[in-house]
Amino acid sequence: MAGLASVLPEPLDWAQLTSEAASALATPAFTDPSTGPTSAQALQRLFGHPEGEVRVTLYRDHHAWCPYCQKVWLWLEERRVPYRIRKVTMFCYGQKEPWYTDLVRGGMLPALELDGRLITESDRILEVLETTFGPLGLGMNAREALPLRQLERQLFRAWCQWLCVPSRGAAEEARGQEGFERFAEHFAIALTADAGPFLLGELGTVDLIFVPYLERMNASLAYFKGYLLRDRYPAIDRWFRHLEQRSTYLGTQSDFHTHAHDLPPQMGGCHASGTPVQRALAERIDAGPWPVVAPPGSDPETSQSEPADAAGVALARVLRHRDTLLARNPLGPAGLDRPLRCALTRLITGRECPPPAGSARGLRYLCDRISVPRDMPLHSARLLRRSLEATARQDPSNPSAPGEPIPVQHRRDQDPSPFLAGANPLAGASL
Ligand SMILES: N[C@@H](CCC(=O)N[C@@H](CS)C(=O)NCC(=O)O)C(=O)O
């Protein structure tokens, strides 16, 4: 009698999966990220200039997560200044590269080299860039920009107070929320003061100064407080929607899952309100289904619909790091090989492909460690998470087995060094 295994659909093999990814692998994002749209994988960006004209080197984190790096990164992309990128490990992900601490004492990011001169502190970097290459919009030192920059710091502090200081009950939670909303309201009013859609009319450096923490507020308040910022403030939602129409922003944008698990070690802890609404939303951000608000509600992570190539890009990015992903998984290469091919087969063909018994915890380990935009864009990550989770649920022995818990004090489970050494050169140009 034929065993059960013989009636289970066969997953595609690695060669078939590679040929399914062929069209994604042929795009500039994979063949030459220096020329395509904004990409966390690029090591230089030329904007049509010859390499010899590059005057700028940006030092930023491997993880593409550092908020202070994001605003400088966005500025260079918006202003189309050619630059090189050197990536550095942040302390909570692994060992900081000694060449970088030799260059910048203390190892803080970002840093920028302009014509051989080293500059640190993100606002100072932006000032020097504006002086050298011209302002973006009205510029960060315009009279109208200064109160807005102060507002950004006030909003940041009110957010930290609500998110990071433990509250002793509902009344303190409510005070944290009120403190935050006082400044969020100011920001929403500022967004409607000019014709818009941006702060002083056209997109400028001041908008970019707000972007990193607004993105982190949006994600962390959903996860830890069950609070949907974009629903509360239509003007903030409109601002995000206009940002999301720019390929520059889309290349740097992270997602709720990544922020929810990267913020706690960076912020020294984030405190959940523990309400039923908060717990349900956090559960959904972690385990899906994604998007985390079902239609007809609006998607609080993005206004962009899924690009046609999202699944192909996700597949191509997994192929790039296949060997390291297999080796770093709790199931090991032999244990994860078939379950991963099942999930990728589902991702790219849409057909169900149940994995062998005992696969769920390895599939969920990987699902929990997809990092946006470091690994792939938001929609690609969403599709990959969906197929990993759906495949895990078909594990015949323990379909609800969790992956290893995500650490909250550090993220050394995300150490970039093995990925730097182990990337498959046939599947894309860089990490
Ligand atoms: N005031 C600095 C703050 C920069 C900062 O806090 N950078 C953090 C990352 S978000 C850092 O490099 N920390 C060291 C590390 O994590 O390795 C600036 O605006 O550039």
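Since the structure is predicted, the reported quantities are computational estimates derived from the model, not experimental observations.

Turning our attention to the overall build of the protein chain. Along the backbone of the protein chain there are 21 helices and 5 strands. For the protein chain, the C-alpha atoms occupy an extent of roughly 80 × 60 × 40 Å along the three principal directions. Burial analysis of the protein chain (431 residues in total) assigns 45% to the buried set. Of the contacts formed within the protein chain by residues at least 6 apart in sequence, a portion of 74% connects residues at least 24 apart.

Turning our eyes to something else, we now look at the sheet that holds strand β3 (residues 83–88). In a beta sheet, neighbouring strands are held together by backbone hydrogen bonds and run either parallel or antiparallel to one another. What the 5 strands build is an open sheet, ordered β1-β3-β2-β4-β5; its pairing is mixed. For this open sheet the edge positions go to β1 (44–45) and β5 (117–120), each flanked by a neighbour on one side alone. Where β1 and β3 come together, 2 bridges link them in antiparallel fashion. For R45, the partnering residue across the bridge sits in β3 and is Y83. This element, helix α7 (residues 122–133), spans β4 (111–114) and β5 of the sheet and lies at about 130 degrees to β5.

Residue P295 is joined to P296 through a cis peptide bond whose omega torsion reads 10 degrees. By the element assignment, P296 lies in the loop between α15 (276–287) and α16 (310–320). The amide bond that connects V372 to the next residue, P373, takes the cis arrangement and shows omega of 5 degrees. Mapping P373 onto the fold places it in the loop between α19 (360–367) and α20 (378–392). Even without being glycine, E121 reaches a positive phi, approximately 75 degrees. Take E121: it is sitting in the loop between β5 and α7.

Moving on to the site of the ligand. Taken together, 13 residues lie around the ligand, and Y68, M90, F91, L109 and S122 are the ones closest in. Of the residues belonging to the shell around the ligand, the class tally is 8 nonpolar, 2 polar and 3 charged.

For the rest of this paragraph, the subject is the packing of helix α10 (residues 205–225) against helix α14 (residues 256–267). Where α10 contacts α14, the two axes come as close as 9 Å, and the packing angle between them is 80 degrees. Between α10 and α14, the crossing angle belongs to the class labelled roughly perpendicular. On α14, the residues touching R216, A219, S220, A222 and Y223 of α10 are F256, H259, A260 and L263. Residues of the contact of α10 with α14, tallied by class, amount to 6 nonpolar, 2 polar and 1 charged.

All right, on to the domain arrangement of the protein chain then. Each assigned domain of the protein chain is listed here: domain 1 (32–133), domain 2 (145–275) and domain 3 (309–422). Just the C-alpha atoms count here: the centres of domain 2 and domain 3 sit 30 Å apart. Domain 2 puts 11 residues into the contact, and the matching count from domain 3 is 11 residues. At the level of elements, α13 (247–252) and α14 are the ones that each hand at least two residues to the side of domain 2 that touches domain 3. Among the elements that take part in the side of domain 2 that touches domain 3, α14 stands out by supplying 5 residues, more than any other. Looking at side-chain class alone, the side of domain 2 that touches domain 3 contains 3 nonpolar, 6 polar and 2 charged residues.

Turning to the environment of E10, a few remarks are in order. The topology assignment puts E10 in the loop between α1 (4–7) and α2 (14–20). Note: C-alpha distance between E10 and A22 (12 residues apart in sequence) is 21 Å.

Next up on the list: the environment of E404. The topology assignment puts E404 in the loop between α20 and α21 (417–422). A tally of 14 C-beta atoms within 10 Å means that E404 is categorised as partly exposed. Those residues in contact with E404 that sit more than four places away from it in its chain are P330 and Y365.

With that settled, consider the pairing of β3. Two faces make up the sheet, and in a regular strand the side chains alternate between them. Bridge count for strand β2 (residues 56–61) against β3 is 6 bridges, and the pairing is parallel. Bridge pairing in β3 places T57 opposite R84. Considered for its hand, the β-α-β crossover made up of β2, helix α5 (residues 67–79) and β3 is right-handed.

Turning next to the nonpolar core. The biggest cluster of nonpolar side chains holds 74 residues, and the ones touching the most others in it are L58, V72 and Y223. Ranked by residue count, the leading element in this core is α10, at 13 residues. Each of domain 1 (32–133) and domain 2 (145–275) gives at least three residues to this core. L58 has contacts with V72, W73, L76, Y83, I85, P110 and L112, leaving out every residue within four places of it along the chain. L325, I348, M376 and L384 belong to the second-largest nonpolar core, a separate cluster that totals 38 residues.

We now examine helix α8 (residues 145–164). The end-to-end C-alpha distance of α8 is 28 Å, a good match for the 28 Å that 20 residues give at a rise of 1.5 Å each. Every buried residue belonging to α8 is among A145, L148, E152, L155, A158, W159, W162 and L163, and all of these are buried. Along the long axis of α8, the arc covered by the buried residues comes to 135 degrees, so they all point the same way. When the buried face of α8 is taken as reference, the exposed residues oriented beyond 90 degrees from it are L146, P147, Q150 and R153. Where the residues of α8 are buried, they touch α9 (170–193), α10 and α14.

Definitions and limits used
Residues numbered from 1 in each chain as written. Predicted model: local features only at pLDDT ≥ 70, side-chain atom pairs only at ≥ 80, totals over all residues. Helix = DSSP H or I, 4+ residues; strand = E, 2+ residues; numbered from the N terminus. Buried ≥ 20, exposed ≤ 12 C-beta atoms within 10 Å, placed from the backbone. Contact = placed C-beta atoms within 7 Å. Pairing = 2+ DSSP bridges. Axes fitted to C-alpha atoms, helices over the stretch in contact; angles between N-to-C directions. Near = placed C-beta within 6 Å. Nonpolar A, V, L, I, M, F, W, Y, C, P; charged D, E, K, R; others polar. Parallel < 35°, antiparallel > 145°, perpendicular 65-115°, else oblique. Domains from an automatic or database assignment. Right-handed = clockwise from strand over helix to strand, strands pointing away. Core = buried A, V, L, I, M, F, W, Y, C linked by C-beta atoms within 7 Å. Expected span 1.5 Å × (residues − 1). Arc of directions from axis to C-beta.

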